[in-house]
Amino acid sequence: MNRLSGALAVVLLGLAIGCSDPTNTPARVSPHDAINVYLYQKPKRFSPLDPPSGPDQQVMTLIFDNLLAVDDSYTFVPRLAERWEVAEDRITFHLRQGLKWSDGTPFTSRDVLFTYKLLADAESGSALAGRLAGAAFEAPDDTTFVIRPARPNVGFLSLVARPYAFILPEHVLGREPVDRIASSAFFNHPTVGLGPYTFVSYRTDQYVELAANPHYRKPVSIARIFLKPISSDVATAQLGTGEMDLAQISPTDLRTVAAFKGVTVAARPSPGFIRMAADLSDKRFADPRIRRAMLHAIDRKALVAQLLAGRGRVQNSSFVTPWALPGTLEEYAYDPARARSLLAEAGWNPAEKVTLSWIPGQRDRDAAATVVQSALGAAGMTVELKQVQAAELLESYEKRTFDLALYGGGSYAADPSSSATTINCAAFYPTGSNVSNYCDPSLDTLTAQADALTDREQRAKLYQEAARRDNAQVPYLWLYNPDTLWATSSRLRGFKPSGDFTTGFWNADEWTVAG
Amino acid sequence: MSTALSPAALAARRFLGNRLALAGAVFLTAAGVLALAAPLVAGHDPNAVDLAAFREPPSAAHLLGTDSTGRDVFARLLHAGRISLLVGLLSSLAALAVGTLLGALAGVFGGAVDAVVMRAADVVLSFPSLVVIVVLAGVLGPSTAMLVLVFAAGNWPTACRVVRGLTLSLREQEYVQAARAFGAGRAALIGRHVLPAVLSQVAVVGTLLVAQMILLEAVLSFLGLGVQPPRASWGTMLTDAQNLTLLQTMPWLWLPPGLAIALTVLAVNFVGDGLRDAVDPKGTRR
Amino acid sequence: MLAYLVRRLLSNAAVFLLISVGVFLLVRAVPGDPVRMMVNPEHLAAGGPAFAAAKRTELGLDQPVLVRYGIWLRDALGGDLGYSFVSRRPVAEVLGERMGPTVLLMSTALAIGLTLAVAAGTLAAVRRNTAIDYATTVAGLGAISVPSFFLGIAAIYLFSLRLGWVPSSGMSTPGDGGGADILAHLVLPAAVLGLSIAGPFTRYVRAGLLAELGADYVRTAEAKGAGPGRVLIRHALRNALIPLITVVMIYIPQLLAGAVALEQVFAWPGMGQLAVSSIGQLDHPVVIGFAMFVAVLVLVCNLAADLLYAVADPRIGLS
């Protein structure tokens, strides 16, 4: 039997290698004290210095803390700062007293000063450095921290509120050389933080494990949180099997999930929207009538009704913050005949071919691309679809080699100044997020004037004027503002759904788990 | 058994006696005809979007219902079949042509030619096909032509190895040595003796390759690396099965393409099996 | 024997070098800039061009491709595969972490598949040309005709969502991770992958066994009065399985490729998932590392197939 046993040995050896897998060290936790939470993508690292990435920020929200955060109604709420005062030249933060890091070390304004200096220092490789450039920081005493922005900017708070500028521990990172700190192993394994939970481990492609922080400023009732980066389809299935306690779901699955026993679904308007950017530096799209025609050609109401199962709204502005929007805006209702005549008026050449690029993989968005292609085709604009990887799309933004790009997201609800960076002449990609290369100096003047004021009423007046111009010029082909849909199991209590999924765990310190 | 029958006629008789192979051939013919005649049979434009008819169940107007942008599933199934079958056939033919030629060259010339060809075959076989495909999809732009090219480039070694082996054994046979003794050139040797002799085996390899290629296309399209929208292949249509809601409540979206792939590949395999038995009744080849 | 081994190793090294050059050039040819990948336009791009340039230098992307290949090769021979652009962890560590789950899945699937194949193949050979034989043939062909990712989806729906027998996906329940827990997660993907292996191997077993059963020594043994069962197990099956070893070795790399789609469907944390996501994120060092791993695996398996075959059957010379 030598030869046969040889063959068997090969197989068994393979099995043995598999079973001695070192990643399988069991860490048993009673399932009653733990909850499972969905992450829509794989986190990379957990560093406020890195360019912002949704899943990284979601995890950091739980393990780190900020001066202030945004709640479920998009208003700023205190976190480490108990209160703050906004003056024209400075913002003063008054920190909570007696806070401790998760390793027991006391927290002071020196940690905040250390973090902001690091974030503003281009040497550190901080992606926030550009935004914080020119600002000065001071810590006059242990519980006070002052920021002096380079120019008067009321919108500054939204640049540093959660999910940006998480405060880092000086006593852990303070000795690392600034030019190498971005690559520090701490950001792969950030075990010291101020958040309600502490980092335990990250098993790539499986889960991030967090445990309740014993030094948090109030008792945390959930012992363990497991964040699982899986596909939306798998997460939905796991809501049904009880393997998932909190997940975002797609409109397609709304009825299925609502029918699961013990699962509740909540919908909140998201702070961004799905849009197409046309490359406006390309003369073919320069005439606003072309852009208006494109909006008229697409039945956006039907998109919302069918693809989103009615969970969303047609978008007609680059602004989302409610008080920045005037009462009425041109709605660009579905009207193929008008679309055709506008295109003809503007002299659109029907032989011209236009490419629509997007990152595939989301069912609703993929369907929207197909619908847009067909609708524009019916109006006389020949569109070719092109699926691209993220890197390719971003490169085409920078080199201006795209015609139309379909994408979504953004967080514009808390303050209209965040929308301004998508239409500002000085914010062309990659300097800012003005992907369509739209430029209207009079619009820039309006938003700059508004941001130099502290009075909400006066700001609103100027922003509404800007929004009217934006609505008429159509710098983006706005499609829709989808609702963020959250599903929670009956075990998880105290979750307050927010439309912004990146800050969706904003009140995680109040969550509890039922028996 | 009558001695008057030629080997080819014998093989044909054996093939026709194999009921499964025959059934497979009939199914494939039908599928091929349907795919070719898709525009005539379908009754709908496969790319006609209609948001008013969103995910509708099968009806008289839409035999297999409509998909997530209101397109007719039956029409898409037939047109997707064209692409799936085309990719399977073309890439296999291309792989066979390259593999047979290189295999014959390696076998006839031997020596350095043989060494280079077989090393190249090793290299190709060890190249992770997925990496190659993603990269080429990026460089050439994902397209049907790209799929055919990459599949052919990654699969010629199978035929190459078979043909080389056969050629080597052929070289030792008397009639071939006689031909060489009479001064037959190597090209003539390949054309007149090697190719006819290996044709039947190559046909078997080719058939089985078609089945593999159809499955490979389905996997790639499923991973989003294959056929580009708005066109569809059976693999892209199957992506809908991943979603719980669609899987549970809308079988018309994923069952037809799923069945189409399974039955087609099964039929191809039956035919390939039948061919193998017909060509090599003793089953000496593994 | 030794000369043969040395010759094979040398030629393998040559093939390996060729592949490494090819992979290096191919990966570099993907459109898109890895640095762009790290700057998200949705939130902030305030770092600007200077930030991008600094990152490019940091990652060594500003050097000519030949220089980068030279550095990579030198480091790789010393066991250093570089650092992931995305996680900034050593590539060897990132790959190593995924090797365990993938090996576990593949070896279990192989065990299931081969067991099924030997049982079904033997049955088919012994009951040649009966209904059982035809049924196994059709079942075997059926198993390789349904795309395994589709079979996987169907299995999850039936056994996990409808019946609730096993967990739906992943490799372990977070917080548990014990042997029984991993086994429960392993059953479904391993069985589906095993089924796709059983299909082709059933045919090999059947064909091999039929050839052996017709051999002289089996007739002799039977003439000497050995019962059919005995002959089958003692002699014929044993000899029929020798060529199978070779086929299994050659099949292993293919299995890894086949596991890619299944790892996606089952959210199995293996190398296939890593490869797909790294390609999407333009994580060049990881993609190159993965590609080289597969190439080495293929070469080693081919060599092992030759050697095993030679050792198992001394009639075959190694010249």
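Looking up chain C in an unreviewed UniProt entry gives the name Peptide/nickel transport system permease protein, with the organism given as Nonomuraea jiangxiensis. Under the Sequence similarities (unreviewed entry) heading, UniProt states for chain C: "Belongs to the binding-protein-dependent transport system permease family." The UniProt entry for chain C carries the following text under Subcellular location (unreviewed entry): "Cell membrane".

In the nomenclature of an unreviewed UniProt entry, chain A is known as Peptide/nickel transport system substrate-binding protein of Nonomuraea jiangxiensis. Database annotation for chain A, UniProt heading Sequence similarities (unreviewed entry): "Belongs to the bacterial solute-binding protein 5 family."

Undergrad: Could you clarify how one ought to interpret the confidence of the model for chain A in this entry?
TA: Note that predicted coordinates carrying low pLDDT should not be read in detail. Scored by pLDDT, chain A comes out at a mean of 88, with 94% of its residues at no less than 70. Here residues 1-29 of chain A is a poorly scored stretch, pLDDT under 50, and it has 46 contacts once near neighbours within four places are set aside; other chains count.

Undergrad: For this particular structure, what's the right way to read the sheet that holds strand β4 (residues 81-86) of chain A?
TA: Two strands in a sheet stick together by hydrogen bonds in their backbones, pointing the same way (parallel) or opposite ways (antiparallel). Residue and element names in this part refer to chain A. Here four strands make up an open sheet; going across it, the order is β4-β5-β7-β6 and the pairing antiparallel. Two strands in the sheet have a free side with no partner beyond their single neighbour: β4 and β6 (136-141). Averaged over all adjacent pairs, the angle separating strand axes in this sheet is 20°, with direction ignored. Relative to strand β5 (residues 91-95), β4 is paired through five bridges, and the arrangement is antiparallel. Within β5, the residue paired with Val86 across the bridge is Ile91.

Undergrad: Sorry, what's going on with helix α4 (residues 73-109) of chain B here?
TA: At 3.6 residues per turn, the α-helix brings residues three or four places apart onto the same side. Residues and elements named next belong to chain B. The terminal C-alpha atoms of α4 lie 53 Å apart, and with 37 residues this matches the ideal 54 Å at 1.5 Å per residue to within 8%. Counting buried positions along α4 gives 28 out of 37 residues, so the element sits mostly inside the fold. Positive phi shows up at Gly110, right after α4, with a value of about 65°.

Undergrad: What am I meant to see in the packing of helix α6 (residues 131-145) of chain C against helix α8 (residues 179-213) of chain C here?
TA: Two measures define how a pair of helices packs: the angle their axes make with one another and the distance between the axes. All names here are of chain C. Relative to each other, α6 and α8 sit at 135°, their axes nearing to 7 Å. The angle between α6 and α8 places the two elements in the oblique class. Here α6 and α8 pass one another in a crossing that is left-handed. Facing α6, whose interface residues are Thr136, Gly140, Leu141, Ala143 and Ile144, α8 presents Leu195, Ser196, Ala198, Gly199, Pro200, Thr202 and Arg203. Here the residues of the contact of α6 with α8 sort into six nonpolar, five polar and one charged.

Undergrad: Teacher, can you tell me more about the UniProt feature "transmembrane region" (unreviewed entry) in chain C here?
TA: Residue and element names in this part refer to chain C. When the UniProt feature table is mapped onto this chain numbering, "transmembrane region" (unreviewed entry) sits at residues 103-126, 138-162, 182-201, 240-266 and 286-312. Secondary structure across residues 103-126 comprises 100% helix and 0% strand; the distance between its end C-alpha atoms is 34 Å. The span residues 182-201 shows a helical share of 100% and a strand share of 0%, and its end C-alpha atoms are spaced 27 Å apart.

What counts, and where the lines are drawn
Residues numbered from 1 in each chain as written. Chains lettered and ligands numbered in written order. Predicted model: local features only at pLDDT ≥ 70, side-chain atom pairs only at ≥ 80, totals over all residues. UniProt positions renumbered as here; feature names shortened; annotations may be inferred. pLDDT = per-residue confidence, 0-100. Contact = placed C-beta atoms within 7 Å. Pairing = 2+ DSSP bridges. Helix = DSSP H or I, 4+ residues; strand = E, 2+ residues; numbered from the N terminus. Axes fitted to C-alpha atoms, helices over the stretch in contact; angles between N-to-C directions. Expected span 1.5 Å × (residues − 1). Buried ≥ 20, exposed ≤ 12 C-beta atoms within 10 Å, placed from the backbone. Parallel < 35°, antiparallel > 145°, perpendicular 65-115°, else oblique. Left-handed = near helix turned anticlockwise from the far one by under 90°. Nonpolar A, V, L, I, M, F, W, Y, C, P; charged D, E, K, R; others polar.

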